[in-house]
Amino acid sequence: MQWVRACYWMLIRFLTRFRYRVRVEGLEKLRDLRGPTLVMPNHPGLIDPPLVLSNVRIAGGMRPIVTTSMYRKPLLYPLMRLVNAVEVPEMEEQSRNAREQTMTMIDTIVEGLNRGENFLIYPAGRTERRGIEEIGATRAVADLLERCPQANIVLVRTRGVWGSIFTMAYTGEHPNLERSVIRAFGWVFAALFAFLPRRNVTMTVERIDRRDLPGITRDKLNPFLEEWYNRGAPEKPTFVPFSFLFGPRKHEYPSLIETGQVDLTKIRPATILAVNELVEERLKRPLSAEENSAEMLLERLGLDSLERMDLALQIEDHFGFRSDRVANTLSELWALAEGQLSTSGKKPESAPAAWSVPPSNQEEPAVLGETLAEAFVRRAFKHPDDVVAADRISGVLSYRRLYVGARLMAKRFRALDAPSPPVSLPKGEGSFMPAPIGLLLPGSVAADVVFFGLHLAGKLPVLLNWTTGPANLAHAVKTLGIRHVITSKKLIDRLGIQIEGAEYLFLEDVRSSIGKLEAAMTLLSTYVLPSRLLHGLPRPEIDSPAVVLFTSGSESTPKAVPLSHRNLISNVRASLTVLQASYGDVVLGFLPPFHSFGLLGNILAPILGGIRVAHYPDPTDAAGLVRTASTYKTSIVVTTPTFLSYMFGAARPEDLASLRIIVTGAEKCPDALFERAKQMVPHAFILEGYGITECSPVVAGNLPGKIKQGTVGPPVAGVEVCLVDPDSHQRLPTGSTGMLLVRGPSIFNGYLNYNGPDPFTEVDGKRWYVTGDLVRLDEDGYIHFCGRLKRFLKIGGEMVSLPALEEPLSRLYPPTENGPQVAVEGVDAPGRWIVLYTTLDISLKQANAILVEAGLRGVMRLDAVERIEAIPVLGTGKTDYKVLRKLAAERHS
């Protein structure tokens, strides 16, 4: 193989000579070189690796270190295998797995050096940006030299490449390899090989004695290497025409295109302080005044790519926002903590051509079956070639393709076993519960396919909420005896969590088990008597569980909520009536499936109803949401006030011009957000609603043209409401404020494996679900939400409403795109302790004065104000009162 590789590099040298006239200085110093060697060149562009490898030859050859983006290119992959290259992951995207792979790569190089092999590695780990080599704080080379004291050191300095189409100098941004290669070969053939102007390239080779190094720690080694590489730098870009006869004679080199600009006006001082503390903890020293600046490069602080990634992942876990981009500056870390570091870049996108094809369906949205599997298949084959869903990864799917994907998945899911012992069902939930299978995926086409694939397989999807942490995930698995959780490697890599008691089934592995012939035959079956496909469907009872969700955990340990086919189908039908959607609408779907609002609004209602949905996986990436809305021309968005405020903070009015209906729920929509909506989307209706997971979830909602701001609308079709006294459970008249009870076909029948208090009560001979919410029902039947009953304290015989205390404060200090600014929580035993938690500078005197002005007296007061970095929120965007209650109890004790 060494002979084959030598011949290959001779061929590369022959071919590159048509364009490059390479002169190597100092090559004679390597003639007697023996033993393992690290060859370390500077990296002006994408063309210099083959130039170095083909012109600097040492005994035994060299194994190049190549990033995944290059190694895995289809045309390069066979060549990478041929030259025995070592693959190293990208460091431009956040990934726990990438860190582990990098450490494995270093171990691989060490093992190879110990065997006497030679490696070519670039100390900077990236191409030059400004005509100089910037190594910064990278540590790979220092680690290798420390672990392999026997390795020879050879440095290579390349001059003359800077300015070619393979460098950042040419376009101001990272060059596209495929496009550059095609362009280069085009000119080669156009010039008939021999008549191509040649670029002069000089390589200086020097063998370095370890005794001449200032040290092998990175703080001493890296400046030495930079000084050696940059002798005579910065190099001016050189343009060499592509032909003697025609083509451009000169080229205007642009300035470097900077990315990742951060809007500092959106960064709170408290966030900056909190992030800087994490940075200082990592550095084990305080930041100087000079270092504490927005533009400060993290590598100048001494953080290499692995340490920057670790720090970013720590900030993600701490603040709850995520981005694929690895922060390079201090301000980008601040932006990451505030959810302002966009995941997907800022370039405008265009939807695939298939998305613009108008649907053949001209009917009003409707559900066509009584179970989820039946409704899905009937809808899929009513207009099979209509587009139904899209996202950036899977592209555009028609109903036919969605069905084929779900059916192929179902074939794999059928073998997944049921728990033992079986889960006990509450009364009224049918006589049989399918095998529960965990589903851990963000809002996406993949989640759509898996969800309906589980139903076609006769399984029970259990939608797991990763934002609640490993403990609650383990609780969910234990509660239902879940053995398998379907997820993706990429998600688990980002989350870095394991679920005790369950085995992951990765979508990537499932997809790889599907052969092209099997997929083609499944697709063909949809054209041949498609009506027969209904006969092979599972036939569950309509009152048996169709999905299991978990309560948010904002008040107690999450409880397993089974929702039956009857519950979900009836609620989808009622919700479509509220939406008043048409076949031409497009839903922006980004709430995760574990959110009951997200399951209904982003999966069930659009797909079963015949409405297109464009998915985006990260609800905290406001810029990505706005781009998706603009790209796919979405007309309906189902969201929470928190995520809607994020979008408004990142959008221009023209970005959201296609929106006509905004459905908001899960928390009270502040008046300030209504006012902002009038500026951003004056033509759109904001339909505020009210729902509970146990109610599938929609209980009430405003309708277009019948909006009463400040209310959550009247009850939806099929839902009956009753107002009672919280203590006596006696009915209250219209206009009173009392506890809300609900009943109807969309209300669940009880929790799974639950030994707590009965969530139902009997009033006037009827069974009602106790919502635990205080509301007022006006003369028009509209519901005014007043707060959670559970968030009441009993002090001196008086009921003190924490939401009532919070409301005037949150009205004055409404949530921003960064989340809530105020929250009230407390304990009442022993004694009273009611605390205002805030991200602002508010004194106790000021806060109580606001309450007095709002008409609150006596026991309706605050006992303390505590300034915190950020109000804790759940993955749904709701304030996490459980965390605040714990803080209050600890401080009170």
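Q: If you had to explain the packing of helix α1 (residues 2-16) against helix α2 (residues 48-55) to someone new, which residues and values would you point to?
A: Interaxial distance between α1 and α2 falls to 8 Å at its minimum, and their mutual angle equals 120 degrees. One way to sum up the angle between α1 and α2 is to call them oblique. In this structure, the crossing between α1 and α2 has a hand that is left-handed. Here α1 contributes W9, I12, R13 and T16 to the contact with α2, which in turn contributes P50, L51, L53, S54 and N55. When its residues are assigned to classes, the contact of α1 with α2 shows five nonpolar, three polar and one charged.

Q: Lay out the confidence of the model for the protein with the relevant residues and their values.
A: Here the protein shows a mean pLDDT of 85. Residues at 70 or above account for 91%. Per-element averaging of pLDDT across the protein places strand β28 (residues 798-801) at the bottom with 60 and helix α15 (residues 445-456) at the top with 95.

Q: Quick rundown of the sheet that holds strand β20 (residues 685-691)? Include the residues and the values.
A: If you walk across this open sheet you meet the eight strands as β9-β8-β17-β16-β18-β19-β20-β21, and the pairing is mixed. Among the strands making up the open sheet, the edge pair consists of β9 (395-398) and β21 (698-701). Averaged over all pairs of adjacent strands, the angle between strand axes in this sheet comes to 25 degrees, irrespective of strand direction. For strand β8 (residues 387-391) and β9, the ladder comprises four bridges, and the chain directions are antiparallel. Residue pairing across strands places A390 opposite V396, the latter belonging to β9. Sitting on the sheet, helix α22 (residues 622-632) touches β8, β16 (586-589) and β17 (612-615), and the angle it makes with β16 is about 165 degrees.

Q: Describe the state of the cysteines, with residues and values.
A: This structure, assessed with the given rule, holds zero disulfides. In this structure C695 is not part of a disulfide, and its nearest cysteine sulfur, from C722, lies 14 Å away.

Q: Residues and numbers for the pattern of salt bridges, please.
A: In the structure shown here, the tally under the stated rule is 30 salt bridges. Within this structure, R63, R115 and E117 form a network of salt bridges that share partners.

Q: Describe the sheet that holds strand β4 (residues 86-88), with residues and values.
A: A sheet is described by the order of its strands in space; here seven strands give the open sequence β1-β7-β6-β2-β5-β3-β4, paired in mixed fashion. The open sheet has two edge strands, β1 (20-25) and β4, and neither has a second partner. The average undirected angle you get between the axes of adjacent strands in this sheet is 25 degrees. Where strand β3 (residues 63-67) and strand β5 (residues 118-120) come together, two bridges link them in parallel fashion. In the sheet register, R63 faces β5, and the bridge partner there is F119.

Q: With reference to specific residues and values, describe the pairing of strand β22 (residues 720-724).
A: Taking burial as the measure, the five residues of β22 include four buried ones, the bulk of the element. Sheet topology places β22 next to strand β23 (residues 737-743); five bridges connect them, and they run antiparallel. Residue L723 lies in a different strand from β23, and its bridge partner there is L740.

Q: Describe the packing of helix α13 (residues 372-382) against helix α21 (residues 596-609), listing the residues and the values that go with them.
A: At a minimum axis distance of 8 Å, the contact between α13 and α21 shows a crossing angle of 45 degrees. Accordingly, the angle class assigned to the pair α13 and α21 is oblique. Seen from α13, the contacting residues are L372, A375, F376 and R379; seen from α21, they are L604, I607, L608 and G609.

Q: Describe a positive patch on the surface, listing the residues and the values that go with them.
A: A surface patch of positive charge is lined by R13, R17, R21 and R198. Following the sequence through the fold, R13 ends up in helix α1.

Q: Please provide a residue-by-residue account of the packing of aromatic side chains, values included.
A: Counting across every chain of the model gives 20 aromatic pairs. Taking the centre distance of 5.8 Å and the plane angle of 65 degrees together, the rings of F760 and Y769 count as edge-to-face. The rings of F376, F381, Y403, F451 and F452 are connected pair by pair, giving a single aromatic cluster. When the ring centre of W228 is taken as origin, the NZ or CZ atom of R157, which lies over that ring, is 4.2 Å away. A cation over an aromatic ring shows up here: K708 above the ring of Y782, its NZ or CZ 4.8 Å from the ring centre.

What counts, and where the lines are drawn
Residues numbered from 1 in each chain as written. Predicted model: local features only at pLDDT ≥ 70, side-chain atom pairs only at ≥ 80, totals over all residues. Heavy atoms only, no water. Axes fitted to C-alpha atoms, helices over the stretch in contact; angles between N-to-C directions. Helix = DSSP H or I, 4+ residues; strand = E, 2+ residues; numbered from the N terminus. Parallel < 35°, antiparallel > 145°, perpendicular 65-115°, else oblique. Left-handed = near helix turned anticlockwise from the far one by under 90°. Contact = heavy atoms within 4.5 Å. Nonpolar A, V, L, I, M, F, W, Y, C, P; charged D, E, K, R; others polar. pLDDT = per-residue confidence, 0-100. Pairing = 2+ DSSP bridges. Disulfide = S-S within 2.5 Å. Salt bridge = Lys/Arg side-chain N within 4 Å of Asp/Glu carboxyl O. Buried < 20%, exposed > 50% of the residue type's maximum accessible area, 1.4 Å probe, protein only. Patch = residues over 30% accessible without salt bridge, like charges linked within 9 Å, V, L, I, M, F, W, Y side chains within 5 Å. Areas by Shrake-Rupley, 256 points an atom, 1.4 Å probe, with all protein chains shown as cover. Lys, Arg positive; Asp, Glu negative; His and termini not counted. Charge placed at Lys NZ, Arg CZ, Asp CG, Glu CD. Phe/Tyr/Trp six-rings, centres within 6.5 Å; stacked < 30°, edge-to-face > 60°. Lys NZ or Arg CZ within 6 Å of the ring centre and 35° of its normal.

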